[in-house]
Amino acid sequence: MHICICTSDESKVGLLKGFPYAEERLHLFEADIYKTQEFEQPIQGCKIVFHVATPLQHTTGYKYNDTIEATINAVKKIADVCIKSGTVKRLIYTASVVAASPLKEDESGYKITMDESCWTPLHINVPYSNNYVEEYIEAKTKAEQEILKFGEEKASELEVITLGCGLVGGGGHLPYTTGSVMVLISQVINNPTQYHLLRYLEELLGKIPIVHIEDVCRAHIFCAETPLVNGRFLCSSSYISSVEMAKYYQENYPQFHLNQE
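Residues numbered from 1 in each chain as written. Predicted model: local features only at pLDDT ≥ 70, side-chain atom pairs only at ≥ 80, totals over all residues. Heavy atoms only, no water.

J.: Before we move on, could you go through the sheet that holds strand β8 (residues 231-235) and cite the residues and values that matter?
T.: Paired through their backbone hydrogen bonds, the strands of a sheet run either parallel or antiparallel. Spatial strand order, β3-β4-β5-β8: four strands in an open sheet with parallel pairing. Both outer strands of the open sheet, β3 (48-51) and β8, are each paired with one neighbouring strand and no more. The sheet shows a mean angle of 20 degrees between the axes of neighbouring strands, taken without regard to direction. Pairing of strand β4 (residues 90-96) with strand β5 (residues 159-165), which is carried by seven bridges, proceeds in the parallel orientation. (Pairing = 2+ DSSP bridges. Helix = DSSP H or I, 4+ residues; strand = E, 2+ residues; numbered from the N terminus. Axes fitted to C-alpha atoms, helices over the stretch in contact; angles between N-to-C directions.)

Now the structure itself:
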(Lines give C-alpha, C1' and ligand atoms only; values in the text may rest on other atoms or scores of the structure.)
Protein backbone atom coordinates (compact mmCIF):
# COMPACT_ATOMS: atom_id res chain seq x y z
CA MET A 1 0.00 0.00 0.00
CA HIS A 2 1.26 3.45 -0.98
CA ILE A 3 0.05 6.47 1.02
CA CYS A 4 0.78 10.10 0.19
CA ILE A 5 0.82 12.22 3.33
CA CYS A 6 2.65 14.98 5.14
CA THR A 7 5.26 12.72 6.74
CA SER A 8 6.20 15.37 9.30
CA ASP A 9 2.74 15.08 10.92
CA GLU A 10 3.49 12.46 13.56
CA SER A 11 -0.15 12.37 14.73
CA LYS A 12 -1.05 10.80 11.37
CA VAL A 13 2.16 9.00 10.46
CA GLY A 14 2.45 7.33 13.87
CA LEU A 15 -1.02 5.85 13.54
CA LEU A 16 -0.27 4.44 10.08
CA LYS A 17 3.04 2.95 11.17
CA GLY A 18 1.19 1.15 13.96
CA PHE A 19 -0.83 -0.97 11.52
CA PRO A 20 -0.07 -4.72 11.42
CA TYR A 21 2.67 -5.56 8.88
CA ALA A 22 3.16 -1.83 8.17
CA GLU A 23 6.93 -2.20 8.13
CA GLU A 24 6.76 -4.66 5.20
CA ARG A 25 3.62 -3.54 3.35
CA LEU A 26 3.21 0.19 3.91
CA HIS A 27 5.11 2.79 1.87
CA LEU A 28 4.74 6.45 2.82
CA PHE A 29 5.40 9.32 0.40
CA GLU A 30 5.60 13.05 1.03
CA ALA A 31 3.10 14.82 -1.24
CA ASP A 32 1.39 18.20 -1.50
CA ILE A 33 -1.90 18.71 -3.36
CA TYR A 34 -0.43 21.98 -4.66
CA LYS A 35 2.48 20.01 -6.16
CA THR A 36 0.62 17.34 -8.08
CA GLN A 37 3.81 16.07 -9.74
CA GLU A 38 4.71 14.57 -6.36
CA PHE A 39 1.93 12.00 -6.82
CA GLU A 40 3.48 10.43 -9.91
CA GLN A 41 5.97 8.17 -8.14
CA PRO A 42 3.62 6.71 -5.49
CA ILE A 43 0.92 5.98 -8.11
CA GLN A 44 3.32 3.91 -10.24
CA GLY A 45 2.55 0.19 -9.95
CA CYS A 46 -0.80 0.66 -8.19
CA LYS A 47 -4.06 -0.88 -9.42
CA ILE A 48 -6.48 1.24 -7.36
CA VAL A 49 -6.04 4.88 -6.30
CA PHE A 50 -8.05 6.58 -3.55
CA HIS A 51 -8.07 10.36 -3.92
CA VAL A 52 -9.05 11.51 -0.40
CA ALA A 53 -7.25 14.85 -0.01
CA THR A 54 -8.58 18.34 -0.70
CA PRO A 55 -7.05 21.75 0.06
CA LEU A 56 -8.90 23.62 2.81
CA GLN A 57 -6.68 26.69 3.06
CA HIS A 58 -5.24 28.45 0.03
CA THR A 59 -1.45 28.26 -0.28
CA THR A 60 0.08 31.24 -2.08
CA GLY A 61 3.11 31.19 -4.34
CA TYR A 62 1.60 28.80 -6.90
CA LYS A 63 -0.20 29.29 -10.20
CA TYR A 64 -3.62 28.81 -8.56
CA ASN A 65 -5.76 31.76 -7.52
CA ASP A 66 -7.66 29.84 -4.86
CA THR A 67 -8.48 26.37 -3.51
CA ILE A 68 -11.08 25.91 -6.26
CA GLU A 69 -8.45 25.99 -9.01
CA ALA A 70 -6.06 23.85 -6.95
CA THR A 71 -8.72 21.20 -6.24
CA ILE A 72 -9.84 20.91 -9.87
CA ASN A 73 -6.25 20.79 -11.15
CA ALA A 74 -5.41 18.07 -8.65
CA VAL A 75 -8.18 15.68 -9.72
CA LYS A 76 -7.34 16.18 -13.40
CA LYS A 77 -3.61 15.68 -12.87
CA ILE A 78 -4.03 12.60 -10.66
CA ALA A 79 -6.46 11.06 -13.17
CA ASP A 80 -3.92 11.67 -15.96
CA VAL A 81 -1.16 10.05 -13.90
CA CYS A 82 -3.40 7.03 -13.26
CA ILE A 83 -3.81 6.45 -16.99
CA LYS A 84 -0.15 7.08 -17.79
CA SER A 85 0.90 4.57 -15.10
CA GLY A 86 -0.43 1.71 -17.22
CA THR A 87 -1.39 -0.20 -14.06
CA VAL A 88 -4.20 1.75 -12.38
CA LYS A 89 -7.62 0.36 -13.27
CA ARG A 90 -9.83 2.34 -10.89
CA LEU A 91 -9.79 5.81 -9.33
CA ILE A 92 -12.01 6.41 -6.29
CA TYR A 93 -12.57 10.06 -5.43
CA THR A 94 -13.76 10.92 -1.91
CA ALA A 95 -16.41 13.56 -2.52
CA SER A 96 -18.87 15.28 -0.20
CA VAL A 97 -22.65 15.47 0.02
CA VAL A 98 -22.30 19.27 0.04
CA ALA A 99 -22.02 18.87 -3.75
CA ALA A 100 -25.41 17.11 -3.87
CA SER A 101 -27.81 19.68 -2.44
CA PRO A 102 -31.48 19.08 -3.37
CA LEU A 103 -32.14 22.85 -3.48
CA LYS A 104 -34.04 23.84 -6.63
CA GLU A 105 -32.31 26.10 -9.11
CA ASP A 106 -35.16 28.62 -8.94
CA GLU A 107 -34.75 28.90 -5.13
CA SER A 108 -38.33 27.69 -4.56
CA GLY A 109 -37.34 25.06 -2.01
CA TYR A 110 -36.04 21.49 -2.08
CA LYS A 111 -36.57 18.65 -4.51
CA ILE A 112 -38.63 15.69 -3.26
CA THR A 113 -35.56 13.46 -2.95
CA MET A 114 -31.83 13.86 -2.46
CA ASP A 115 -29.84 11.36 -4.52
CA GLU A 116 -26.86 11.05 -6.86
CA SER A 117 -28.65 13.08 -9.53
CA CYS A 118 -28.59 16.23 -7.35
CA TRP A 119 -25.96 18.91 -7.89
CA THR A 120 -25.59 21.92 -5.62
CA PRO A 121 -26.66 25.14 -7.38
CA LEU A 122 -23.70 27.43 -6.71
CA HIS A 123 -25.51 30.72 -7.28
CA ILE A 124 -28.00 30.33 -4.40
CA ASN A 125 -27.48 32.30 -1.19
CA VAL A 126 -27.77 29.92 1.78
CA PRO A 127 -28.23 31.07 5.43
CA TYR A 128 -25.19 30.71 7.75
CA SER A 129 -22.90 30.89 4.73
CA ASN A 130 -19.44 32.48 4.58
CA ASN A 131 -16.60 32.77 2.06
CA TYR A 132 -14.82 29.69 3.42
CA VAL A 133 -17.73 27.26 3.01
CA GLU A 134 -18.76 28.76 -0.33
CA GLU A 135 -15.27 28.23 -1.74
CA TYR A 136 -15.09 24.71 -0.32
CA ILE A 137 -18.46 23.73 -1.79
CA GLU A 138 -17.66 25.19 -5.20
CA ALA A 139 -14.32 23.35 -5.18
CA LYS A 140 -15.84 19.98 -4.23
CA THR A 141 -18.75 20.36 -6.65
CA LYS A 142 -16.70 21.36 -9.69
CA ALA A 143 -13.93 18.85 -8.92
CA GLU A 144 -16.42 15.97 -8.69
CA GLN A 145 -18.10 17.03 -11.93
CA GLU A 146 -14.68 17.23 -13.60
CA ILE A 147 -13.57 13.77 -12.49
CA LEU A 148 -16.88 12.18 -13.51
CA LYS A 149 -16.61 13.81 -16.93
CA PHE A 150 -13.06 12.48 -17.19
CA GLY A 151 -14.34 9.01 -16.31
CA GLU A 152 -16.95 9.14 -19.06
CA GLU A 153 -14.43 10.25 -21.65
CA LYS A 154 -11.79 7.70 -20.59
CA ALA A 155 -14.12 4.85 -19.64
CA SER A 156 -12.11 2.30 -21.61
CA GLU A 157 -8.90 3.23 -19.79
CA LEU A 158 -9.97 4.05 -16.24
CA GLU A 159 -12.97 3.32 -14.01
CA VAL A 160 -13.89 6.41 -11.99
CA ILE A 161 -16.04 6.39 -8.85
CA THR A 162 -17.01 9.33 -6.68
CA LEU A 163 -18.19 8.68 -3.13
CA GLY A 164 -20.01 11.64 -1.59
CA CYS A 165 -19.78 11.27 2.19
CA GLY A 166 -22.07 12.83 4.77
CA LEU A 167 -20.85 14.53 7.94
CA VAL A 168 -18.46 11.93 9.34
CA GLY A 169 -18.55 10.93 13.00
CA GLY A 170 -16.38 8.52 14.98
CA GLY A 171 -12.64 8.20 14.58
CA GLY A 172 -11.77 7.36 18.17
CA HIS A 173 -8.38 5.93 17.14
CA LEU A 174 -7.07 9.38 16.21
CA PRO A 175 -5.09 11.44 18.76
CA TYR A 176 -7.12 14.56 17.89
CA THR A 177 -10.75 15.55 17.24
CA THR A 178 -11.55 15.89 13.55
CA GLY A 179 -13.30 18.93 12.12
CA SER A 180 -16.42 16.97 11.18
CA VAL A 181 -16.76 15.60 14.72
CA MET A 182 -16.43 19.14 16.08
CA VAL A 183 -19.40 20.13 13.91
CA LEU A 184 -21.39 17.10 15.10
CA ILE A 185 -20.87 17.93 18.78
CA SER A 186 -21.04 21.72 18.37
CA GLN A 187 -24.30 21.89 20.36
CA VAL A 188 -22.70 20.02 23.26
CA ILE A 189 -19.49 22.05 23.42
CA ASN A 190 -21.40 25.29 22.68
CA ASN A 191 -19.08 26.31 19.86
CA PRO A 192 -20.85 29.00 17.76
CA THR A 193 -18.52 28.71 14.77
CA GLN A 194 -18.97 24.94 14.44
CA TYR A 195 -22.69 25.23 15.19
CA HIS A 196 -23.12 27.67 12.30
CA LEU A 197 -21.48 25.07 10.02
CA LEU A 198 -24.00 22.51 11.27
CA ARG A 199 -26.89 24.87 10.54
CA TYR A 200 -25.40 25.70 7.14
CA LEU A 201 -25.41 22.01 6.21
CA GLU A 202 -29.02 21.79 7.33
CA GLU A 203 -30.04 24.78 5.21
CA LEU A 204 -28.06 23.51 2.22
CA LEU A 205 -29.28 19.91 2.33
CA GLY A 206 -32.68 20.09 4.05
CA LYS A 207 -31.41 17.97 6.92
CA ILE A 208 -27.95 16.79 7.97
CA PRO A 209 -26.68 13.54 6.38
CA ILE A 210 -24.42 11.80 8.88
CA VAL A 211 -22.29 8.67 8.66
CA HIS A 212 -19.82 6.81 10.88
CA ILE A 213 -16.18 6.64 9.82
CA GLU A 214 -16.30 2.82 9.83
CA ASP A 215 -19.13 2.89 7.28
CA VAL A 216 -17.10 5.33 5.15
CA CYS A 217 -14.19 2.88 5.21
CA ARG A 218 -16.48 0.00 4.27
CA ALA A 219 -17.92 2.05 1.41
CA HIS A 220 -14.44 2.73 0.03
CA ILE A 221 -13.55 -0.96 0.27
CA PHE A 222 -16.83 -1.85 -1.48
CA CYS A 223 -16.00 0.56 -4.32
CA ALA A 224 -12.54 -0.98 -4.61
CA GLU A 225 -13.53 -4.64 -4.55
CA THR A 226 -16.84 -4.74 -6.44
CA PRO A 227 -16.42 -5.51 -10.16
CA LEU A 228 -17.75 -3.17 -12.83
CA VAL A 229 -18.56 -0.24 -10.56
CA ASN A 230 -18.33 3.35 -11.74
CA GLY A 231 -20.11 6.67 -11.42
CA ARG A 232 -21.45 8.59 -8.45
CA PHE A 233 -22.58 7.32 -5.04
CA LEU A 234 -23.75 9.01 -1.83
CA CYS A 235 -22.67 7.59 1.53
CA SER A 236 -24.88 8.42 4.52
CA SER A 237 -26.67 6.32 7.11
CA SER A 238 -28.99 8.91 8.69
CA TYR A 239 -30.66 12.16 7.70
CA ILE A 240 -31.56 14.26 10.74
CA SER A 241 -32.25 17.82 11.84
CA SER A 242 -30.28 19.92 14.31
CA VAL A 243 -33.37 19.94 16.55
CA GLU A 244 -33.46 16.13 16.58
CA MET A 245 -29.78 16.09 17.49
CA ALA A 246 -30.33 18.57 20.34
CA LYS A 247 -33.27 16.56 21.71
CA TYR A 248 -31.18 13.40 21.66
CA TYR A 249 -28.41 15.08 23.65
CA GLN A 250 -30.90 16.56 26.13
CA GLU A 251 -32.64 13.22 26.73
CA ASN A 252 -29.50 11.10 26.99
CA TYR A 253 -26.90 13.53 28.35
CA PRO A 254 -28.71 16.15 30.47
CA GLN A 255 -25.43 17.02 32.21
CA PHE A 256 -24.29 18.86 29.07
CA HIS A 257 -26.75 21.76 29.55
CA LEU A 258 -27.36 22.63 25.91
CA ASN A 259 -28.02 26.19 24.85
CA GLN A 260 -31.81 26.46 24.51
CA GLU A 261 -31.51 28.05 21.07
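J.: Can you lay out the packing of aromatic side chains for me, pointing to particular residues and giving the numbers?
T.: Following the criterion strictly, the structure yields three aromatic pairs and no others. Here Tyr248 and Tyr249 contribute two aromatic rings whose centre-to-centre distance is 6.1 Å and whose plane-to-plane angle is 65 degrees, an arrangement assigned as edge-to-face. The ring centre of Trp119 lies 3.5 Å from the NZ or CZ of Arg232, which sits over that ring. (Phe/Tyr/Trp six-rings, centres within 6.5 Å; stacked < 30°, edge-to-face > 60°. Lys NZ or Arg CZ within 6 Å of the ring centre and 35° of its normal.)

J.: Just give me the short version of the environment of Asn259, but keep the residues and values in it.
T.: Its location among the elements puts Asn259 in the segment after α10 (242-252). Judged by relative accessible area, Asn259 falls into the partly exposed class, the value being 48%. As a C-alpha pair, Asn259 and Arg232 span 27 residues in sequence and 38 Å in three-dimensional space. (Buried < 20%, exposed > 50% of the residue type's maximum accessible area, 1.4 Å probe, protein only.)

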